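Examination of the molecular architecture
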Amino acid sequence: MRSSVVLASALAAGVLAGPIERRKVYTETRVHVETVTVYVTAGQPLPTASADASVKSHKPEPEPSYVAPKPSSYAEVAPPSSYAEVPPPPPPSSSSSPVPIYTPIVIPSAVPTTSAAPTTSAKPSTTVVPTTSSYAPPPPAPSSSAPPPPATPVYGVDHISGEGQAELSSGQDYKNAALWHHNRARANHGASNLEWSDDCEAGAKTAAAFCDFEHHTTKGQGQNLFTLSGDAYNVTAGITESWYKGEADIYHYWDQEPPKDSTGALDHDEFEKYGHLTQMLWKGTTHVGCVTVDCGARMTVGGASSKLNKYTVCNYAPAGNVVGSFGDNVAAAAGKYSGFKWTD
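These figures come from a predicted structure and were not determined experimentally. (Residues numbered from 1 in each chain as written. Predicted model: local features only at pLDDT ≥ 70, side-chain atom pairs only at ≥ 80, totals over all residues. Heavy atoms only, no water.)

Focus: helix α5 (residues 268-281)
- In this model, α5 (14 residues) spans 19 Å end to end at C-alpha, consistent with the 20 Å of a helix rising 1.5 Å per residue.
- Along its buried surface, α5 packs onto α2 (171-187), β4 (222-228), α4 (235-248), β8 (310-317) and α6 (326-329).
- Put simply, Asp-267 is the residue that caps the front of α5, since its side-chain oxygen is 3.1 Å from the backbone nitrogen of Asp-269. (Helix = DSSP H or I, 4+ residues; strand = E, 2+ residues; numbered from the N terminus. Expected span 1.5 Å × (residues − 1). Contact = heavy atoms within 4.5 Å. Polar contact = N/O pair within 3.5 Å; in protein donor to acceptor, adjacent residues only side chain to side chain.)

Some words on the environment of Val-154
- Its place among the elements puts Val-154 in the loop between β2 (65-67) and α2.
- Relative accessible area serves as the criterion here: at 66%, Val-154 is assigned to the exposed category.
- For the pair formed by Val-154 and Asn-193, sequence separation is 39 residues and the distance between their alpha carbons is 8.8 Å. (Buried < 20%, exposed > 50% of the residue type's maximum accessible area, 1.4 Å probe, protein only.)

So, unusual backbone geometry
- Going from Ala-317 to Pro-318, the amide bond is cis rather than trans, its omega being -15°.
- By the element assignment, Pro-318 lies in the loop between β8 and α6.
- Backbone geometry at Phe-213 places phi at a positive 50°, although glycine is not the residue there.
- Positionally, Phe-213 belongs in the loop between α3 (198-208) and β4.
- Look at Asp-255: it is not a glycine, yet its phi comes out positive at around 60°.
- Topologically, Asp-255 is positioned in the loop between α4 and α5.

What about the pattern of salt bridges?
- Applying the stated criterion across every chain yields a total of 5 salt bridges.
- We note a salt bridge from Asp-344 to Arg-184, for which the minimum N-O separation is 2.7 Å. Residue Asp-344 is found in the segment after α6, and its partner Arg-184 is found in helix α2; the two are separated by 160 residues along the sequence.
- A salt bridge links Glu-270 to Lys-273; the shortest N-O distance between them is 3.5 Å. You can see Glu-270 and its partner Lys-273 sitting in helix α5, 3 residues apart, about one turn around the helix.
- What makes Glu-270 partly exposed here is its relative accessible area of 24%. (Salt bridge = Lys/Arg side-chain N within 4 Å of Asp/Glu carboxyl O.)

Quick notes on the packing of aromatic side chains
- Applying the stated criterion to the full structure yields 10 aromatic pairs.
- With centroids separated by 5.4 Å and ring planes inclined at 85°, the aromatic side chains of Tyr-155 and Trp-180 adopt a geometry described as edge-to-face. Taken together, the positions of Tyr-155 in the loop between β2 and α2 and Trp-180 in helix α2 put the pair 25 residues apart, joining distant regions of the chain.
- An aromatic cluster of three or more residues is present, and its members are Tyr-251, Tyr-253, Trp-254, Phe-271 and Tyr-274.
- Directly above the ring of Phe-340 sits Arg-184, whose terminal nitrogen or CZ lies 4.2 Å from the centroid. (Phe/Tyr/Trp six-rings, centres within 6.5 Å; stacked < 30°, edge-to-face > 60°. Lys NZ or Arg CZ within 6 Å of the ring centre and 35° of its normal.)

As for the state of the cysteines
- Applying the stated criterion across every chain yields a total of 2 disulfides.
- Covalently, Cys-211 is tied to Cys-295 through a disulfide, its sulfur atoms 2.1 Å apart. Measuring the twist about the S-S bond at about -80°, one finds the Cys-211-Cys-295 disulfide to be left-handed. Separated by 84 residues along the polypeptide, Cys-211 in the loop between α3 and β4 and Cys-295 in the loop between β5 (287-294) and β6 (300-301) bring together distant segments of the chain. The exposure classification of Cys-211 matches that of Cys-295, with both residues buried.
- Should the bonded cysteines of the protein chain be numbered as they appear in the sequence, the pairing reads 1-3, 2-4.
- A disulfide-free cysteine, Cys-200 has its sulfur positioned 8.8 Å from the sulfur of Cys-290, the nearest such atom. (Disulfide = S-S within 2.5 Å.)

What about the nonpolar core?
- If you look at the biggest cluster of nonpolar residues, it comprises 34 residues, and the most contacted ones within it are Tyr-244 and Tyr-251.
- Those elements giving two or more residues to this core turn out to be α2, β4, α4, α5, β5 and β8.
- Looking at this core, the element that brings in the most residues is α2, giving 6 residues.
- Residues within four places of Tyr-251 in sequence aside, it is in contact with Gln-256, Pro-258, Tyr-274, Leu-277, Thr-278, Phe-326 and Val-330.
- Core analysis: the next-biggest nonpolar cluster, separate from the first, contains 10 residues, Ala-208, Cys-211, Leu-225 and Val-291 among them. (Core = buried A, V, L, I, M, F, W, Y, C linked by side-chain atoms within 4.5 Å.)

Observations concerning the sheet that holds β4
- Pairing within the open sheet is mixed, and its 4 strands lie in the order β3-β5-β8-β4. Of all strands in the sheet, those with a lone pairing partner are β3 (195-196) and β4, marking the two edges.
- Relative to β5, β3 runs parallel, the two being bridged by 2 bridges. Residue pairing across strands places Trp-196 opposite Val-288, the latter belonging to β5.
- Sheet strands in contact with α3 are β3, β4, β5 and β8, and its direction is about 30° off that of β5.
- Sitting on the sheet, α5 touches β4 and β8, and the angle it makes with β4 is about 125°. (Pairing = 2+ DSSP bridges. Axes fitted to C-alpha atoms, helices over the stretch in contact; angles between N-to-C directions.)

Structure (structure tokens):
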């Protein structure tokens, strides 16, 4: 007796020949098993095999033999399925015939390789388009080791020292020199620094234009006058040497009221000796403006022509020398001033 098994297998080449429309391909393989049982009598010729299983030659054998199955041309490709199914062999016969020997053959399911034709459903890549914007990191915090800002000058301004100050009659250097010499004297008596005032300068210019060594005051402003002969203007000499040092030596009424006449007004003769000093040092005064001019032959002093034609006028605001307020506005010197010079 012999058995013949006819198996159907998938033709992978046929499947891969057509277009693939999906990203994954699933193959189902169906196996057709046909069993033929032949009873052979010893000494008799073998019967002819069926058309489905052809046997070319046969030699009698004392024991049943097995003929390898021949694959058929049947293949079926079905919609997605993830397995291959092989039907189980038929149940054994209930007769007393010898039991056929079966050798199952498992056809592995076709697994598509990664070399399959690409599909059109692949996710397009993302292209990053650079923009023109950019990120600028914040500036670093200022270092604690940075040098401190320059300190304010002690007397409010920097100025040119030396004998060159004698030639100054206008411009910023002139203003700075006048401020510096005023403020050094004021600081020695506890008064604050003065600032330059264009209004005071305008009032001083009006008075200086008369060239008569007389007071021509502007309302709300005090006024000091100084004149000398020669080629130099020497405004700093008028401030430090004449108005400050020259009068401080003879003033004896620090922190109190100076003498008054019988009418209650300041004693005029005494006032002429210290009035420039007290206006310079007056604590309530905050601004000053000065003008220095060359009056030439037009200069008069006491109504007469004079060669003291280098004329300086300084106006102050608010005005000082207010009767009844001297004690609060004119303090005694905190230190010696004998070493102060106009060239400083």
